[in-house]
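# Observations on chain architecture
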Amino acid sequence: MQHTYLRYECADAFSLVTSTTSTSVPTTHPLAFLHNNNNNSHNGSNNNPTLLLSTAGSQIIGFNLRTINEPCIKLAHRESLSGGLGTGKGLNSHQVTCITTTSSGDSGNGDSSGSGSSNGSKVASGWIDGSIRIFDVHADDLPSTSTSSSSSTSNNKNAGIVHSLLFSKPNSNGEEFVSREPPLRIFDVHADDLPSTSSRSTSTSTSSSSSNNKNAGIVHSLLFSKPNSNGEEFVSREPLLLNGHNGSQITCLSFDNDDSTGGTGSGTGTGSYGGSTRLASGSSDGTIILWDILNETGLYRLLGHSGPISDVSFLPHLSPSTSASSTRTSTSTSTSTSDQFNGLITSSYDGLVKVWDLNAQCCIQTIANHGGQVLSSTVVSLPHNDGDNDNDNGEEENENKNRVRVRVRLVTGCIDGKVRVYSIQQSKRMTIDNTTNTEDNDDDTPMPMPMPMLENEDKVDVNVKSSSSSNISVSMDDVCFFMGNLPPPPSNSNVIVSHEKVVKVEYFTSTSSSTMYFGYLRNNSKMVDIYTVRSVKDALAKKKRRLRRRREKDKKENSIASSIHSGSGKDKETGMEQPEDKKGKKRGILDEEDDTTSKVIDNNASASTSTSTSTDVELDQIKSSDEYVYACTVRASHKIKSFEFTNNTNDGKVGAGAGSGGVRIVFALATNALEVHSIKRKKKDDSRSSEEYEFTTKNVSSMDMYGHPTGIRSIALSSDDELACTVSKNIAKVWNVGNRSCLRSLPLTSSKSSKRGSTSSSYGLCSVFLPGNTHVVVGTREGYLLVIDIASGDIVFTEKAHEKEIWSIDIKKPPSFGSGSNQYDIADYNDDEASGSIAIVTGSADKNVKFWEVETQGEDDSSSDEDGGSDDDSDNDDKAGLHIGHPMLVHTRTLESADDVVCVRYSHCNDPAQKMIFVSTLDNQIKVFFDDTLKFFLSLYGHTLPALALDSSDDDAILASGGADKSIKIWGLDFGDTHRTMYGHSDSITDLKFVKKTHNFFTSSKDGSVRYWDGDRFDQILLLNGHISEINCLAISKTGAFVLSGGMDRQVRVWERTKDMVFLEEEKERAMEDMFDKVDNQKGDEAGTERLMRRRKEEDQLEEDDDGDDENENQPQSAAAVKKSQLSVSSGDRIMEALERADQELKDAASFRRSQESKGKYAKERMPSPYLLGMEPPQYMLWVLRSVKSAELEQSLLVLPLHYMERLIFYLILLLRNGQGVELCSRAAIFLVKTHQNQLVGHHKMAIPLRELRRLLKLRLSEARDAIGYNMAAIRIISKVSSDYKSRYHIPDDFAKKDVFGGLGVGSDMAAALQRKN
């Protein structure tokens, strides 16, 4: 008889703030800001984002920086199992590796200039399986950021965002489901579905919170489900899926932010608000793919790197450099699209930085002067301002602004600890072409090439630098020129200079002061060094001072050499020659220059001003030390994994820096927490200082309540399954299971130590709830038992129970204890001997098993010394520290063992005479004792390594044990025989729990998996994957409705039981398919073939001589961004089947017409074919093509054989004649012609169809182009009329300065009279 099982799927995950990748390739982009553009924002501006997104395992969570206690938004997608198994609604088991954000660009008025009119944001996420998912979040969907956090949690019925498969509760719209699934694959969250952020406090008691929030939050449910009014079951749509990296981990993402003014790279997405249509992604296999988001497909793949990609950054458009005289005449030429350089910069672990021309799809420059792996990079356009306008040289400043081009910089962080700065300019080839094409240019000479800077420029003489640099080879296509290494912090900053590798570099522009900030992070560091970028004027002044000091030094050295050579000017003390310079007065750095130095500078200046682009040349030769100045160092409390900048807010909230002109910086710490630091800027009092401002830092907030700092070692559920306690190093946290919110964060400290009154932190290993669910008992590695009051968060009782680690703890409840008695008084059961007492058993590494009874403090003081051994002083201390009314543990019995105790458990029998104790020891044995007499009953042998987990069924018929030998043994408790030994885990089994009233059980292992077993039929039912590290503990609800698992990845996953049935044969087949897929990937599928071909090419390049280098350069550097998948193959088969049906329908229709021609007026009309869904063959083919995903269309067309391709072109011609599906048909036709060009050219029968196809494509595409142009022009006119209408009611700032009476008749005469009177 086939047994029925129900499937468990992952519904949610919590207790994780920032996650780390499980592979050896780290990511530098775990954080990104989501800009809040709704009207509920505190200032209505999108320049002050307060919603911080963070990668958290299989989902992306968002935190409001003002109410930072709990997440306010979650982004995730559902997992569809292979073969159509499962509900398809479980949380994905893969891991998010990097994220980036940008605006959606769907502006309400058609303006995309970044004026805050964007209505939403796109969140692109890269996953460890090589897929990219883009979530679309509208501004109205985000929670309000202006709410306070003073209200209690109990009043907030929607605290936390919950993904659940169990409990459901109608939302404000009366819908039981808050997620629908329409055809579009974009994650859409409505405002009514999001929680309120006005309540994030945990000041209320646990009982009230748990009772009010049992089903709180937004819940996805599979049970008690009911379709909504639209007939759809889900309102949250799946995100846009882009898949083309062949299973390699996504390491970096970057949107094409054309309007960005700060931070166009580095994966932050904090620049543009005009919307992005392109996305660049880099993976661990060294490939870069450029994606078209609108068409949902990959444009092409860039090949050239041999290591993982660390960063990708789009280049700002580099317009031609023009002088002040030619700016007016060449405006139209410089702003044309053809003159702009469309580039991409990538950095990789192979030590190379490449500059790609996206129009030509090739690499135009490779920077290979790094000392090893390039771990991070960023590209930024520096501000155009020339500093504070403190002088009156307005005309000169305006002239310099017209002469100085946009400053674009590339900064790279390397494994050698150096931060390198590069200047990005137009290539010499583009500059010459633009100068030649300019008709009205006053200066006919081309712009001189900027001089590349040597890395050892400080050791090169300035006078001979021109001759040294002439030997440097400069390519005509080079756009990046080295400016030098970033200077370290000065010696007076009290900062220890480190040489660790640089893992993160970041730019940010403060909107309050227009100051550009730059920060970089080193590996395993607690500090981030902050720099500011000087304006053009200040950088030129700094360069002038540097050159003057260099000339002074060279002059002194030359004077000493000449004096020694002439034998004059001896020193009186040493007898050595003394130069003439030392005899005079020492001149300061800021003093006026002498005649000789001024002449030298004047000569150089006159030589450089011979062309019209003198300022450009001077600016290109500026060193990084001239442009960057050290500001401060921000120190965090723990090691930093990543950081992000944001603006200071001026509303008095958390992190406000009113009037400071500074920024805030958010740290993602290695302790699974967030910290917000404020950087404030103020003017220095010392006016003689070379720097005008000084900076101060302050830690304004930290978010360490939601996540565990280390791996979770234990999970305990309350008797009503409403609360969960998780324990890790030094911390125990109490969670509300219903809304996944953290109620209490309890530090584990033991007050009993060698010194009276001193406390020490403890490492929690095990935990259990006491009856009543108001207290938790925690066992620590130091041997302490701690009783914690959940409501107050205080440790009410501490006992030194064991000398070594307490590995296991279990509780025995009295038989009369009901599961529904939440208000429980321990004294009531202690007074009733018939009911039995509440007992706790602990097992420790000191070879002892101790039994404890739970009593109430302050009632019977004499029972506290039952074991004897404490003096009067300690008794007085204990009485003074009593917490009246709280429980305490009293030691009653001790069971000694021959070896360390690993695990101890009670049986579930209610009969005291039949209740047993199971003890697992380090000598691989499991011993069974009777609880009442501690009499030995059974000894179970069989494990080759210690059994780390034990549990018995409810009827005590069988005992299951999991050991470090990776085996699971089922024991019979009648005679101690072994029923079966089962294998499945690939590492040690850490925990085992039976489902209530069944013989089914769950096991967790260090291999990161949870498995569901049948203890009667000895079969594995389910394999549950999702953790990225070893799993330490499990907890099962009393009904088996859900399972909690916690591990070293610091997250708790919620596995919930669904209504989907599990068939063991299908599960075994799916497991075999997964195993074969892994073998195929290892043997070399597409990714393995690419690696093998790349390695072979590298070997051939090493063997070839110099004559063969030209051939290697001609090899293609780009490829199609397609990936053969099961979905694309099935789509191709569907297209071929549709072609066969359409052809057959045409034949049947033709034969039917011939048969009806002879009947004349009695001819019948043919009924539409049901095989074609009642459509004509061309329309049916269009319907099939539209059913194929846009990202899979090209790969699906590649599957078609040649004769099928010919038939498809025939139907495309018919569709184009009717004007149906022009865009889709044009895309398919052009791709087929480009792919099968050689076959089509040699096929004479295809000549006429190709000419007809060409004619139709030109006709239909020109019609579509004209329609789009007409619509765009109409939208521009509507936008202009709307803006003019709004401007009628807008009062400008300079309104008071104008003559409001001018031209108004009597009013004008009145104004003249008032002026004469004044």
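Our structure's up above, just so we're on the same page.
As a starting point, this report considers the structure included with it. Note that the coordinates shown come from a computational prediction; the quantities given were computed from them, not determined experimentally. (Residues numbered from 1 in each chain as written. Predicted model: local features only at pLDDT ≥ 70, side-chain atom pairs only at ≥ 80, totals over all residues. Heavy atoms only, no water.)

## As for a negative patch on the surface
Among the surface-exposed residues, E1065, E1066, E1069, E1073 and D1074 lie close enough to one another that they form a single negatively charged patch. Here D1074 lies in helix 12 (residues 1064-1084). (Patch = residues over 30% accessible without salt bridge, like charges linked within 9 Å, V, L, I, M, F, W, Y side chains within 5 Å. Areas by Shrake-Rupley, 256 points an atom, 1.4 Å probe, with all protein chains shown as cover. Salt bridge = Lys/Arg side-chain N within 4 Å of Asp/Glu carboxyl O. Lys, Arg positive; Asp, Glu negative; His and termini not counted. Charge placed at Lys NZ, Arg CZ, Asp CG, Glu CD. Helix = DSSP H or I, 4+ residues; strand = E, 2+ residues; numbered from the N terminus.)

## Brief notes about the nonpolar core
The biggest cluster of nonpolar side chains holds 35 residues, and the ones touching the most others in it are I1135, M1181, L1197, L1208 and L1212. Contributing elements (two or more residues each) for this core: helix 15 (1126-1157), helix 16 (1177-1187), helix 17 (1193-1198), helix 18 (1202-1218), helix 19 (1222-1235) and helix 21 (1247-1287). No other element matches helix 18, which puts nine residues into this core. If near-sequence neighbours (up to four positions away) are discounted, L1208 is found in contact with L1139, M1181, L1185, L1197, L1200 and L1232. Ranked by size, the runner-up nonpolar core spans 31 residues in total, among them F14, L65, Y706 and L1044. (Core = buried A, V, L, I, M, F, W, Y, C linked by side-chain atoms within 4.5 Å. Buried < 20%, exposed > 50% of the residue type's maximum accessible area, 1.4 Å probe, protein only. Contact = heavy atoms within 4.5 Å.)

## So, the packing of helix 18 against helix 19
The interhelical angle for the contact between helix 18 and helix 19, taken along N-to-C directions, is 145°, at an axis separation of 10 Å. Helix-helix and strand crossings are classified by hand; for helix 18 and helix 19 the assignment is left-handed. When helix 18 is examined against helix 19, the residues M1205, L1208, I1209, L1212, L1215 and L1216 are found in contact with a partner set consisting of V1222, C1225, S1226, A1228, A1229 and L1232. (Axes fitted to C-alpha atoms, helices over the stretch in contact; angles between N-to-C directions. Left-handed = near helix turned anticlockwise from the far one by under 90°.)

## Here we look at helix 21
The end-to-end C-alpha separation of helix 21 is 59 Å, in line with the 60 Å expected for 41 residues at 1.5 Å each. Looking only at helix 21, the buried set comprises E1252, L1253, L1256, L1257 and R1260. (Expected span 1.5 Å × (residues − 1).)

## Re the packing of helix 18 against helix 21
Interhelical geometry of helix 18 versus helix 21 gives an angle of 35° and a closest axis separation of 10 Å. The interaxial crossing formed by helix 18 with helix 21 has left-handed handedness. Residues I1209, I1213, L1216, R1217 and N1218 of helix 18 lie in contact with helix 21, whose contacting residues are P1249, E1252, L1253, L1256, L1257 and R1260.

## Digging into the sheet that holds strand 49 (residues 936-940)
One open sheet holds the four strands; their spatial order is 46-47-48-49, and the pairing between them is antiparallel. The sheet is open, and its two edges are formed by strand 46 (901-906) and strand 49, each paired on a single side. For this sheet the average axis-to-axis angle between neighbouring strands, irrespective of direction, equals 20°. As defined by bridge partners, strand 46 adjoins strand 47 (residues 916-921) across five bridges and the pair is classed as antiparallel. For V901, the partnering residue across the bridge sits in strand 47 and is T921. (Pairing = 2+ DSSP bridges.)

## With respect to the pairing of strand 53 (residues 978-983)
Where strand 52 (residues 967-972) lies against strand 53, five bridges are found, and the strand directions are antiparallel. Considered in strand 53, the bridge of I970 is made with R980. Hairpin connection between strand 52 and strand 53: a loop of five residues separates the two successive antiparallel strands, and G976 in this loop has a positive phi of roughly 80°.

## Considerations on the environment of H138
With respect to the helices and strands, the residue H138 is situated in strand 10 (residues 131-138). C-alpha separation for the pair H138 and G120, spaced 18 residues apart in sequence, amounts to 3.9 Å.

## With respect to the pattern of salt bridges
As enumerated under the stated definition, the model contains 25 salt bridges in all. With its nearest N and O atoms 2.8 Å apart, the salt bridge here joins E1067 to R7. Placement of E1067 in helix 12 and of R7 in strand 1 (residues 5-14) is noted, with a sequence separation of 1060 residues between them. Residues R1260 and E1263 are paired through a salt bridge, measuring 3.3 Å at the closest nitrogen-oxygen approach. Of this pair, R1260 and E1263 are both found in helix 21, three residues apart, which corresponds to roughly one turn of the helix. The class for R1260 is buried, based on a relative accessible area of 15%.

## Some remarks on the packing of aromatic side chains
In this structure the tally under the stated criterion is 20 aromatic pairs. With a centroid separation of 6.0 Å and an interplanar angle of 70°, the aromatic rings of F518 and Y628 are classed as edge-to-face. Taken together, the residues F518 in strand 25 (residues 516-522) and Y628 in strand 27 (residues 628-635) connect sequence positions 110 residues apart. When its relative accessible area of 2% is taken as the criterion, Y628 is described as buried. With a centroid separation of 5.6 Å and an interplanar angle of 80°, the aromatic rings of Y706 and W735 are classed as edge-to-face. Placement of Y706 in the loop between strand 31 (693-703) and strand 32 (714-717) and of W735 in strand 34 (residues 731-736) is noted, with a sequence separation of 29 residues between them. Since its relative accessible area comes to 2%, Y706 is described here as buried. A residue is classified by how much of its surface remains accessible, and W735, at 0% relative accessible area, is buried. (Phe/Tyr/Trp six-rings, centres within 6.5 Å; stacked < 30°, edge-to-face > 60°.)

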